[in-house]
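Summary of structural features
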Amino acid sequence: MKRVMFSTFLVFAIGAGITVAAAQMSEKDPAVVEREVREVFDKWSTALGRGDKKTYLDSFWNSPRLVIRVANGEWRGIDAYRKRIEAAQLPPASPSDYKNVEVVALGRDAAVVTYERPAPAGATGAAGESLIFRGTAAFIRTAEGWKIAAWHAHSVPEKSSAH
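Attention in this report is confined to the structure presented alongside it.

Some thoughts on the layout of surface pockets
- By volume, the largest pocket is sized at about 390 Å³.
- V70, A71, R84, P91 and W151 are, among the 22 residues lining the largest pocket, the residues nearest its centre.
- Among the secondary structure elements, those contributing two or more residues to the lining of the largest pocket are α2 (30-50), β2 (73-76), α4 (78-86), β4 (110-118) and β6 (145-157).
- Among the elements that line the lining of the largest pocket, the one with the most residues is α4, at three residues.
- Split by residue class, the lining of the largest pocket holds 17 nonpolar, three polar and two charged.

Considering the sheet that holds β6
- Taken in spatial order, the six strands line up as β2-β1-β6-β5-β4-β3 in an open sheet, and their pairing is mixed. At either end of the open sheet lies a strand with only one pairing partner, and these are β2 and β3 (99-105). Going across the sheet, the axis of each strand differs from the next one's by a mean of 15 degrees, ignoring polarity.
- As defined by bridge partners, β3 adjoins β4 across five bridges and the pair is classed as antiparallel. Its bridge partner lying in β4, V103 is registered against V113.
- Contacts between α2 and the sheet are confined to β3, β4, β5 (131-142) and β6, with β3 contributing the most and set at about 135 degrees to the helix.

As for the side chain of R117
- Here R117 is to be found in strand β4.
- Setting aside its immediate chain neighbours within four residues, R117 contacts L48, P92, A93, D97, Y98, I132 and F133.

Here we look at the environment of E39
- On the secondary structure map, E39 appears in helix α2.
- The sequence separation of E39 and W146 amounts to 107 residues, and the corresponding C-alpha distance is 9.6 Å.

Quick look at the pairing of β4
- If you look at the hairpin formed by β3 and β4, you'll find four residues sitting between the two strands, and G107 has a positive phi there, around 155 degrees.
- Pairing of β4 with β5, which is carried by nine bridges, proceeds in the antiparallel orientation. Residue pairing for β5: E116 is matched across the bridge by R134.

Notes on the pattern of salt bridges
- Enumeration according to the criterion identifies eight salt bridges in this entry.
- With a shortest N-O distance of 2.9 Å, D42 and R38 are connected by a salt bridge. In this pair, D42 and R38 are both assigned in helix α2, four residues apart and thus about one turn of the helix distant.
- In this structure R38 comes out as partly exposed when scored by relative accessible area, which is 32%.
- Between R141 and D109 there is a salt bridge, with its nearest N and O atoms 2.8 Å apart. Residue R141 is located in strand β5, and its partner D109 is located in the loop between β3 and β4; the two are separated by 32 residues in the primary sequence.

Rules behind the numbers
Residues numbered from 1 in each chain as written. Predicted model: local features only at pLDDT ≥ 70, side-chain atom pairs only at ≥ 80, totals over all residues. Heavy atoms only, no water. 1 Å grid on protein atoms, 1.4 Å probe; cavity = no way out; pocket = protein on both sides within 12 Å on 5 of 7 lines; lining within 4 Å. Points joined across faces, edges and corners; volume = space filled by probe spheres on them. Helix = DSSP H or I, 4+ residues; strand = E, 2+ residues; numbered from the N terminus. Nonpolar A, V, L, I, M, F, W, Y, C, P; charged D, E, K, R; others polar. Pairing = 2+ DSSP bridges. Axes fitted to C-alpha atoms, helices over the stretch in contact; angles between N-to-C directions. Contact = heavy atoms within 4.5 Å. Salt bridge = Lys/Arg side-chain N within 4 Å of Asp/Glu carboxyl O. Buried < 20%, exposed > 50% of the residue type's maximum accessible area, 1.4 Å probe, protein only.

Here is the structure:
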C-alpha cells in the first residue's frame, strides 16, 4: 500500500514538475517576449500619433533612472520628461509610419526595439535631403507590465535608411 501511495505521489510530483517547467519555458520564450513588447510599442506609437499624452507617458518606466535622448533634448527621470511632454504638443504620426521595426528579446524581462519613421514634413538635412528618425527603445518588465526604460531617436538622411 505504501508503495502504491508513493508511486502515485511520485507520478503526480513529476507531472506537476513538468507542467511548471513547461510554463516557465513559455514565459522565457523569446517569441512571447517579442510579441508582448511589440504590443506595448504599438500602443505607445499610437498614443504618440493621437496626442494621447496619458497613454504615451504611461508607457515609460516610472523611475528617476529613465533616460530619454531625442531630437535636441535629453531628460532624465519620468518627472522631468512628464513636465516636458505636458508642456508640448506631440508630433502627429501614425503607427503605419513606423518602418523596419525589430524587437529583440534580451531575456524574459528585457527587450530592445529599433525602428525608423519619417521626420515631420519639411524637415531637411544640411544638404536639403529628406530626413527620417531612427530610434531605439529599451523595454523592461516591471510590476506594471512592459515599460520603456531608455529611448533614443535621431534624424538621418532618408537615403541612408536600411531596407
